[in-house]
2 protein chains.
Amino acid sequence: MKIFVIGMGPGKEDGMTIEAARILDECDTIIGYTVYLELLSGRYKDKELLSTPMTKEEERCRLCFEKASEGKSVALVCSGDAGIYGMASLMYEIGKEYPDHDIEIIPGVSALSSGAAILGAPLNNDFCVISLSNYLTPYEKTVKRLKAAAEGDFAIVMYNPSSHKRKDSLKNACEVLLEVLSPDTCCGYVKNIGREGCTVKVLTLAELKSAEVDMFTTVFVGNSSTIFLGGKLLTPRGYNAERTR
Amino acid sequence: MKIFVIGMGPGKEDGMTIEAARILDECDTIIGYTVYLELLSGRYKDKELLSTPMTKEEERCRLCFEKASEGKSVALVCSGDAGIYGMASLMYEIGKEYPDHDIEIIPGVSALSSGAAILGAPLNNDFCVISLSNYLTPYEKTVKRLKAAAEGDFAIVMYNPSSHKRKDSLKNACEVLLEVLSPDTCCGYVKNIGREGCTVKVLTLAELKSAEVDMFTTVFVGNSSTIFLGGKLLTPRGYNAERTR
């Protein structure tokens, strides 16, 4: 039996792809983290909706295979894209124990795209994507990557810039970046993309260091060509585009 | 008048978001590069469909503002996501000359997500996105970024790995990466994502160096933890996930 791992895109329902919506319409059982299931519960109140808490990702994966073994068609939902800080790789790893089942990943719009769209076009040239969470990556590795991203003059997207236990993650990351980048580097962030309370702000890297962000915030740092234009954050496509300005 | 800049996702129609499809249904005029318009022409044969050739991006942007000035509701379509090597930033830059019009970016599923979904989960930890085209970024800058990405132990996605004029781009990029990375680094590529002739391959970095790719190929290079598993390319989410293997 095939199990679908679906990226739901940003919070709002019409941010899903047509393919994702069709598979959710057709499946028997939808499994996910509680918050995402609540977003779907109005539309799918007649389906079996099952959740496990935030840190129980392995249990959530096993539940998918167990339900599929009962003959149910199963969709595991993730916010954004399942392949970007989502459940895709863990499903394949745990899937080794359930060789009778296939996995298909249905891609979705990640916060790097939906957040960028709200801010303007901060990622319109080469960029890096870095999670500031130390839950799955050691902090020293994150610091090394932040330095490499700054030295490569990449635009940077930062996921998970804060949590209850990591109040200073963004401040610390900005300090690492400021060893290489100008304090005037153009930056921005978006909170609650596609949901109630969506807020957006553009600011310099120096200002970003003391910004109040939470776990639902996605942070963008420009490259050396990024500009503010009419309240938007824009990274030009490249040097030809710049010549026309 | 608001102009929508829409990421269509991968080639197939159901890879679009529900929001993108609704806006295309409602608009008067759809503007885009010829190839993408052909993908839409069946569905939208009663609308005004306008295209400019590949290298005439500025003309295409101006056409949007001119049609909007005539009172038409206009959507500019890009493949993948308009904010990732798409037209989003150029629209804002040219939009300075047309202050009566607003721009709204509608995000889509980029090839980094749709390609990753076909390969497995190669981007399930921090990653970099680099275009190998030297049309808009000088080659020296691309080399610097490739080195920084390798030194930061990022997974890497490469867009535009080849063109008629740049037959050796991927080979040259692999040589830069091999100065830092092991020749056994797990890699993969996808051609014609979501379209007829979609092909997928996993291979080592040493093998990637001599792979035959074209301008419709997206290339993925793993980080030091990336593995092959059952024909898929997987980057584990992090060290906790690794401990469970």
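Q: So what exactly am I meant to see when it comes to the sheet that holds strand E10 (residues 199-204) of chain B here?
A: Whether parallel or antiparallel, the strands of a sheet pair through hydrogen bonds between backbone atoms. The sheet built from 10 strands is open, its strands ordered E10(A)-E9(A)-E11(A)-E8(A)-E7(A)-E7(B)-E8(B)-E11(B)-E9(B)-E10(B) with mixed pairing. With partners counted over all chains shown, the strands left at the sheet margins are strand E10 (199-204) of chain A together with E10 of chain B, one partner each. The sheet shows a mean angle of 15 degrees between the axes of neighbouring strands, direction not considered. One ladder, built from 5 bridges, connects strand E9 (residues 186-191) of chain B with strand E11 (residues 217-221) of chain B; its direction is antiparallel. Each bridged residue has a counterpart across the sheet, and for B:Cys187 the counterpart in E11(B) is B:Val221. Here helix H7 (residues 169-178) of chain B sits on the sheet in contact with strand E8 (155-159) and E11 of chain B, set at roughly 160 degrees to E8(B).

Q: Sorry if this is basic, but what is going on with the interface of chain A and chain B here?
A: Interfaces are often sized by the accessible area lost when the parts come together. Taken together, the contact pairs 72 residues of chain A with 72 residues of chain B. Summing both sides of the interface, chain A and chain B together bury roughly 6,100 Å²; the carbon and sulfur share of this comes to 55%. Counting the surface chain A buries against chain B, the share from its top three residues, A:Leu136, A:Arg145 and A:Arg237, is 13%. Where chain A touches chain B, the interface holds 10 salt bridges. The salt bridge involving A:Asp126 is made with B:Arg145; its shortest N-O contact spans 2.8 Å.

Q: For this particular structure, what's the right way to read the pattern of salt bridges?
A: Once the charged atoms of two side chains with opposite charge are near each other, the side chains can pair. The final tally for this structure, using the stated rule, is 30 salt bridges over all chains. In this structure, A:Glu104 and A:Lys2 form a salt bridge, with 2.7 Å as the shortest nitrogen-oxygen distance. Here A:Lys2 lies in strand E1 (residues 2-7) and A:Glu104 lies in strand E5 (residues 102-106), a separation of 102 residues in the sequence. Judged by relative accessible area, A:Glu104 falls into the partly exposed class, the value being 27%. Across the pair A:Arg145 and B:Asp153 runs a salt bridge, and its minimum N-O distance is 3.8 Å. Of this pair, A:Arg145 sits in helix H6 (residues 139-151) while B:Asp153 sits in the loop between helix H6 (139-151) and E8, each in a different chain. By relative accessible area, which is 1% here, A:Arg145 ends up buried. In this structure B:Asp153 comes out as buried when scored by relative accessible area, which is 9%. In the salt-bridge network here, residues are joined through shared partners; they are A:Glu48, A:Lys67, A:Glu70 and A:Lys72.

Q: When you look at helix H5 (residues 111-119) of chain A in this model, what are you seeing that I'm missing?
A: Residues three or four positions apart in an α-helix share a direction because the helix packs 3.6 residues into each turn. All names here are of chain A. Within H5, 8 of the 9 residues are buried, leaving the element largely enclosed by the surrounding structure. Looking at H5, one finds that the buried residues are Ala111, Leu112, Ser113, Ser114, Gly115, Ala116, Ala117 and Leu119. Within two residues after H5, glycine 120 carries a phi angle of roughly 135 degrees, on the positive side.

Q: I keep staring at the relation of the copies chain A and chain B and nothing clicks. Help me out?
A: Between the two copies of this chain, the relationship is a rotation about some axis together with a displacement along it. The two copies are related by a screw motion: chain A maps onto chain B through a turn of 180 degrees and a shift of 0.0 Å along the axis, at an RMSD of 0.0 Å. When the rotation and shift are considered jointly, the pair of chain copies conforms to a two-fold rotation axis. In this assembly, 100% of the residues forming the interface of chain A have copies in chain B that are likewise at the interface, indicating an isologous arrangement.

What counts as what
Residues numbered from 1 in each chain as written. Chains lettered and ligands numbered in written order. Predicted model: local features only at pLDDT ≥ 70, side-chain atom pairs only at ≥ 80, totals over all residues. Heavy atoms only, no water. Pairing = 2+ DSSP bridges. Helix = DSSP H or I, 4+ residues; strand = E, 2+ residues; numbered from the N terminus. Axes fitted to C-alpha atoms, helices over the stretch in contact; angles between N-to-C directions. Contact = heavy atoms within 4.5 Å. Buried area = accessible area lost by both parts, 1.4 Å probe. Salt bridge = Lys/Arg side-chain N within 4 Å of Asp/Glu carboxyl O. Buried < 20%, exposed > 50% of the residue type's maximum accessible area, 1.4 Å probe, protein only. Least-squares fit on C-alpha atoms with pLDDT ≥ 70 in both.

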